[in-house]
Amino acid sequence: MMGLMTLLTKVNRYKLSTTSADVRLKVIGNSTSYSLGYAEGDTPSFTFPVTFDSSALSLAPAGGFYFKGAAFGIYNTGNGKPSLVPADFKYWQQTPTALT
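Residues numbered from 1 in each chain as written. Predicted model: local features only at pLDDT ≥ 70, side-chain atom pairs only at ≥ 80, totals over all residues. Heavy atoms only, no water.

### Remarks on the overall build of the protein chain
Filter applied, for reference: Helical segments are the DSSP runs of H or I of at least four residues, strand segments are the runs of E of at least two, and each set is numbered from the N terminus. Throughout this description, buried means an accessible area under 20% of the type-specific maximum (1.4 Å probe, protein chains only), exposed means over 50%, and partly exposed covers the range between. Every residue pair with non-hydrogen atoms within 4.5 Å of one another is taken to be in contact.
Across its full length, the protein chain holds one helix and three strands. Sorting the 100 residues of the protein chain into buried and exposed places 13% on the buried side. Sequence separation of at least 24 residues holds for 18% of the intrachain contacts in the protein chain that already meet a minimum separation of 6.

### Here's the deal with the sheet that holds strand 1 (residues 23-29)
Here is the rule: Strands qualify as paired when DSSP identifies two bridges or more between them. Comment: axis = line fitted to C-alpha atoms, over the contacting stretch for helices; angle = value between 0 and 180 degrees taken between N-to-C directions.
The strand order 1-2-3 describes an open sheet built from three strands, whose pairing is antiparallel. Looking along the sheet, the strands with just one partner apiece sit at the ends: strand 1 and strand 3 (47-53). Pairwise comparison of adjacent strand axes, ignoring direction, gives a mean angle of 15° for this sheet.

### Description of the side chain of serine 33
Counting through the fold element by element, serine 33 comes out in strand 2 (residues 33-40). Residue classification places serine 33 among the buried positions, given a relative accessible area of 14%. Dropping the residues within four chain positions of it, serine 33 is found in contact with Ile28, Thr51, Phe52, Asp53 and Ser54.

### Considerations on a nonpolar patch on the surface
Our working rule: Without a salt bridge and with relative accessible area above 30%, a residue can belong to a patch; like charges are then joined within 9 Å and nonpolar side chains (Val, Leu, Ile, Met, Phe, Trp, Tyr) within 5 Å. Calculation of accessible area relied on Shrake-Rupley with a 1.4 Å probe; when residues are assessed, cover is drawn exclusively from the protein chains displayed. Basic side-chain nitrogens of Lys or Arg form a salt bridge, by our definition, when they fall within 4 Å of a carboxyl oxygen of Asp or Glu.
On the surface, a cluster of nonpolar side chains totalling about 390 Å² of accessible area is made up of Leu16, Val23, Leu25 and Trp92. Among the secondary structure elements, leucine 25 is positioned in strand 1. Look at leucine 25 and you get exposed, because its relative accessible area is 53%.

Written out as C-alpha cells, the structure is:
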C-alpha cells in the first residue's frame, strides 16, 4: 500500500485536448477504492487515470478521534504556478448511482 505522505504529495497532471468545451468529472467509489475520471466535450466515455486505495483516507491520528469517510471537491490550478485566473463552474451536479 502506498504510504499516506506519498499519496498526499504525489501530483499528476493530465493535459486536456480542449480549452473551450465542457469537462465532466466522475468519481466512482466502492468498498476498497476510488476512481477519478473525466470526459471532454460531447465524448460519452470517461477516462479514469487515477484509482487509489480508500483505506488511505481513513488513517487514525495518534490518540484521537478521526473522520472516517471521504469528501471530494473541485478546484482550479495554475499547473504548478501561481495563478489569479478564476475557474468558472457553471453548475455542479451530483448523481448518486445504485451499486450493481
